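Examining the three-dimensional arrangement
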Amino acid sequence: MKTLTPDLGSTIYTEDIGRQMYGLMSELYPICRSITGNGIRQTLNIIKEHIPLEIHEVPSGTAVFDWTVPKEWNIRDAYVKNSKGGKIIDFKKSNLHILNYSAPVKKKVSLAELKEHLFTLPEYPDWIPYRTSYYNENWGFCMSHNQFMTLKEDEYEVFIDSSLEDGHLTYGEYYIKGEKPDEVLMSCHICHPSLCNDNLSGIAVASFLAKSLYAATPRMSYRFLFIPGSIGSITWLSQNEAQTGRIKHGLVAACLGDAGGFTYKKSRKGDAEIDRAVMNVLKNSGLEHKSLDFIPFGYDERQFCSPGFNLPVGCLMRTPNGAYPEYHTSADNMEFVKPEHLKESFSIFLSVFFVLENNKRYLNLNPKCEPQLGKRGLYKALGGGKNNREKEMAMLWVLNLSDGHYSLLDISDKSGVSFQVIKEAADALSQHGLLREMQ
Ligand code: ZN
């Protein structure tokens, strides 16, 4: 890919940032998370070692639009034993074995009754599926289909040491004040247990993007949300409705560590500046990518883009949710994601931020015919690189379209020249008195 080296993030954007993000994922991987509970608190506390996260606790029973913050779920142990006392399913070996949000249970059951509470994936018989039952009280276990097929008539002991009690919904928020109150919203879900691409990759990329902005003084303000899927964004929107007008651009980060090309799911608006910025960056990256129009399912963009808010929030992924067989199974593990993919994803987000930070309009102060670039030393300013022709074209495009109407992103889109080169051309022309930034 062409190197896009935005001025944001330079403090931590090092060669091994992919490894650092992978390291954070490895630390978070063993934790059993859900939409509420101590797994989320533990996760946020680890993220807090990287960024000064503010942790919010919203009580169970709080009304949030048409929803209610649920009871808090915590789990300590769970297993199924056969009549000989052998553990055939053990939560301590994989937290995917438990149906997430299972109610406590301790009883003896027949094979037939046990089977009503077992979930498997016949099409991938070695993998354990990930299943949840948040709003419908139930209990259950997930296991490989191969193991399921070996179960015999027996009296089984099922034990789930969990609690479903009034408590809190916990989420993390990190706000970076920029020169302007206009906000860029970055959101990721934090509610999945040991799953890597769908969940931890988004957390890792968002955490390190936030970390990269920590030392910077951006033009825009940035708000990072680490929230449980659906109920987290509904809760945040319900409690922060008055300030959502400041959100000018937003991205949901998910599925960012697999080997697939990029997928950008556009905001409901479809042609918001964020939609254009992401597509511009992806096009100029030279990397494989595609875009999808908004659909009202997927991640938290569906709440941010609900008609009562209609915020310009898209979702940037590599292979989308549900489009890879490992999705929501034990095979979405630390081997499925790679540091180099995380690093590439991080770099794309940073390049999008760079566009949002620098997408301004300029006025050509010498609009009657082309100004003579040579006598101003502007050809020399191009340097001796082999991209001279592109840089010269960039100057001509910027001069011609800087009539106060077109932004630098418009000019990059129209010219096919990367935003970074267009921005550099605008900088050079401004320094030579040929352009003035519009307010
Ligand atoms: Zn998921």
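The preceding data block contains the structure.
These lines cover the structure that appears in this document, whether it is placed above or below. What you see is a predicted model; the values in this text were computed from it and never measured. (Residues numbered from 1 in each chain as written. Predicted model: local features only at pLDDT ≥ 70, side-chain atom pairs only at ≥ 80, totals over all residues. Heavy atoms only, no water.)

Let us look at the sheet that holds strand 14 (residues 262-265). Taken in spatial order, the eight strands line up as 1-10-12-11-13-16-14-15 in an open sheet, and their pairing is mixed. Taken across any chain shown, the strands that pair with only one partner, and hence form the sheet edges, are strand 1 (54-59) and strand 15 (289-292). Mean inter-strand twist for the sheet, computed between neighbouring axes without regard to direction, equals 20°. In this sheet, strand 16 (residues 313-317) lies alongside strand 13 (residues 247-253) in parallel orientation, the contact comprising four bridges. The residue bridging Leu251 from the neighbouring strand is Gly314, located in strand 16. (Pairing = 2+ DSSP bridges. Helix = DSSP H or I, 4+ residues; strand = E, 2+ residues; numbered from the N terminus. Axes fitted to C-alpha atoms, helices over the stretch in contact; angles between N-to-C directions.)

Attention shifts here to the sheet that holds strand 9 (residues 155-165). One open sheet holds the four strands; their spatial order is 5-4-9-6, and the pairing between them is antiparallel. The two strands at the open ends of the sheet, each matched to only one other strand, are strand 5 (87-90) and strand 6 (105-110). Taken pair by pair, the neighbouring strands of this sheet meet at an average axis angle of 20°, ignoring direction. Where strand 4 (residues 72-81) and strand 5 come together, three bridges link them in antiparallel fashion. Bridged to Tyr79 within strand 5 is Asp90.

The next point concerns the coordination of the zinc ion. Surrounding the zinc ion are the protein donor atoms His192 (NE2), Asp198 (OD) and His328 (NE2), at 2.0 to 2.1 Å. On the basis of relative accessible area, Asp198 is assigned to the buried category, the value being 0%. (Donors = N, O, S within 2.8 Å, 3.2 Å for Na, K, Ca; no water. Buried < 20%, exposed > 50% of the residue type's maximum accessible area, 1.4 Å probe, protein only.)

Residues in a regular strand project their side chains so that they alternate between the two faces of the sheet. When you tally the buried positions in strand 12 (residues 221-227), you get seven out of seven residues, the bulk of the element. Burial of strand 12 is two-sided: the residues Ser221, Arg223, Leu225 and Ile227 facing one way and the residues Tyr222, Phe224 and Phe226 facing the other way are all buried. In terms of strand pairing, strand 10 (residues 168-176) meets strand 12 through five bridges, oriented antiparallel. Within the sheet, the bridge partner assigned to Tyr174 lies in strand 12 and is Phe224. Where strand 11 (residues 183-189) and strand 12 come together, seven bridges link them in parallel fashion. Within strand 12, the position partnered with Val184 by the bridge is Tyr222. In the classification by handedness, the crossover that spans strand 11, the intervening helix 5 (residues 196-214) and the parallel strand 12 is right-handed. (Right-handed = clockwise from strand over helix to strand, strands pointing away.)

This part takes up the state of the cysteines. Taken as a whole and judged by the stated rule, the model has zero disulfides. Between Cys191, a cysteine without a disulfide, and Cys188, which holds the nearest cysteine sulfur, the sulfur-to-sulfur distance is 9.8 Å. This cysteine, Cys255, is not joined by any disulfide, and Cys315 carries the nearest cysteine sulfur, 7.5 Å off. Residue class for Cys255 comes out buried when judged on its relative accessible area of 0%. (Disulfide = S-S within 2.5 Å.)

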